[in-house]
Amino acid sequence: MKKLLSASVMCADLLNIEKSVKELERAGIDLLHLDVMDGSFVPNITLGFDMINAIKGMTDIPLDVHMMVNTPAQFIDMMNLGKDDYLCIHYEGDIHAQRTLAKIKDKGIKAGLALNPQTPVNCYEHLVDYLDMALIMTVSPGFAGQKIFAGAKEKVAKTRAFLDSLGRPDIPIEVDGNISPANGAMLSKVGAEIFVLGTSSLFIKDKDMKESAESFRAIL
Ligand code: DX5
Ligand code: ZN
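Fair warning: this is a prediction, and the values are worked out from it, not measured in the lab.

Rules behind the numbers
- Residues numbered from 1 in each chain as written.
- Chains lettered and ligands numbered in written order.
- Predicted model: local features only at pLDDT ≥ 70, side-chain atom pairs only at ≥ 80, totals over all residues.
- Heavy atoms only, no water.
- 1 Å grid on protein atoms, 1.4 Å probe; cavity = no way out; pocket = protein on both sides within 12 Å on 5 of 7 lines; lining within 4 Å.
- Points joined across faces, edges and corners; volume = space filled by probe spheres on them.
- Helix = DSSP H or I, 4+ residues; strand = E, 2+ residues; numbered from the N terminus.
- Nonpolar A, V, L, I, M, F, W, Y, C, P; charged D, E, K, R; others polar.
- Donors = N, O, S within 2.8 Å, 3.2 Å for Na, K, Ca; no water.
- Tetrahedral: all angles 85-135°; square planar, octahedral: opposite > 155°, others 65-115°.
- Buried < 20%, exposed > 50% of the residue type's maximum accessible area, 1.4 Å probe, protein only.
- Disulfide = S-S within 2.5 Å.
- Arc of directions from axis to C-beta.
- Contact = heavy atoms within 4.5 Å.
- Near = heavy atom within 4 Å.
- Polar contact = N/O pair within 3.5 Å; in protein donor to acceptor, adjacent residues only side chain to side chain.
- Areas by Shrake-Rupley, 256 points an atom, 1.4 Å probe, with all protein chains shown as cover.
- Sits in = over half its atoms within 2 Å of the grid points.

Moving on to empty space enclosed by the protein. As enumerated under the stated definition, the model contains one cavity of 30 Å³ or more in all. Forming the walls of the largest cavity are 23 residues, and the residues nearest its centre are Phe143, Ala144, Asp176, Gly177 and Asn178. Within the residue set of the lining of the largest cavity, elements represented by two or more residues are strand E2 (31-37) and strand E8 (192-197). Looking at the lining of the largest cavity residue by residue, the classes come out as 12 nonpolar, nine polar and two charged.

Spelled out as structure tokens, the structure:
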């Protein structure tokens, strides 16, 4: 699979979102990473569904929605997502993850399952039939600008090996949190294929977004 860049829109200039999205299009970004937070699963609140649907309506870049919420199933129908979009729920936020993932797939949307740093990779074992993507959090979710957790590299490598052992080398691993060029290069070597770019690689004051995206892609 081609390595993909997914821009973390919560790090963009949200007061000029249309301008930000056009800049991301010009930068050649592959996915728009939209972080949804409910203030309970994580101690923060970010993009709402009106914003997500507005962004969906202003660009052809596929969406990569990251649901940092409890009981995500209740929100699926509030977003106008389609066959090219990813909708990713957290294992820790849904005691019925299998049912929720099945519902996402039944709607023709690509389904992802995210694991917080402390959650073991074998949580994927009984759900691989419902997965189009595995999201490995490289920080504890909730905020941009954090530092990658110790052991992130080993966890990504273990996830790749585990999914392959289940006969699913086709499931790409997305990494999210402090994905700087150096961390991106390190994680690419151990199997990461989708990179969430935020404050440590793309949204950097006075740096051209297109140049940042191109130089990131060059190190993969
Ligand atoms: C954090 C979000 C990330 C975050 C990435 O919970 O899931 O997408 O915005 O931002 P950086 O790259 O600055 O860590
Ligand atoms: Zn995210």
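All of the protein donors around the zinc ion (ligand 2) are His33 (NE2), Asp35 (OD), His66 (ND1) and Asp176 (OD); their distances to the metal are 2.1 to 2.2 Å. Here the zinc ion (ligand 2) is ringed by six donor atoms whose angles at the metal span 68 to 176°, and the overall shape comes out octahedral. Counting residues between consecutive donors of the zinc ion (ligand 2) along the chain gives the motif H-x1-D-x30-H-x109-D. Each of the two residues, histidine 33 as well as aspartate 35, counts as buried.

This next bit is on the state of the cysteines. According to the stated counting rule, one finds zero disulfides in the structure shown. Distance from the sulfur of cysteine 88, which forms no disulfide, to the nearest cysteine sulfur (cysteine 123) is 14 Å. Classification of cysteine 88 by relative accessible area gives buried; the value is 0%.

A word on helix H1 (residues 17-26). By the burial criterion, the buried members of H1 are Ile17, Ser20, Val21 and Leu24. All buried residues of H1 fall inside an arc of 95° around its axis, so they share one side. Structurally, H1 contributes buried residues whose contacts are with strand E1 (4-8), E2, helix H2 (49-58) and helix H6 (209-218). Positive backbone phi, approximately 80°, marks glycine 28, located one or two places after H1.

This part takes up the environment of serine 180. Looking at where serine 180 falls in the secondary structure, it is placed in the loop between strand E7 (173-176) and helix H5 (181-189). Sequence-wise, serine 180 and aspartate 94 are 86 residues apart; in three dimensions their C-alpha atoms are separated by 30 Å. In contact with serine 180, other than residues within four places in its own chain, are Ser200, Ser201 and Phe216.

A few words now on the site of ligand 1. For ligand 1, the set of nearby residues contains 20 residues, the closest of which are Ser8, Gly142, Asp176, Asn178 and Thr199. Contact distances for ligand 1 include 2.7 Å between an oxygen atom and a backbone N or O atom of glycine 142. Asparagine 178 places a main-chain nitrogen or oxygen 2.8 Å from an oxygen atom of ligand 1. Look at ligand 1: alone it shows 380 Å² of surface, and the protein chains cover 100% of it. The pocket occupied by ligand 1, as judged from atoms lying within 2 Å of grid points, is the largest cavity. Looking at the shell around ligand 1, the elements with two or more residues in it are E2 and strand E3 (63-68). Counting residues per element, the shell around ligand 1 draws most heavily on E2, which supplies three residues. Class assignment for the residues of the shell around ligand 1 results in nine nonpolar, nine polar and two charged.

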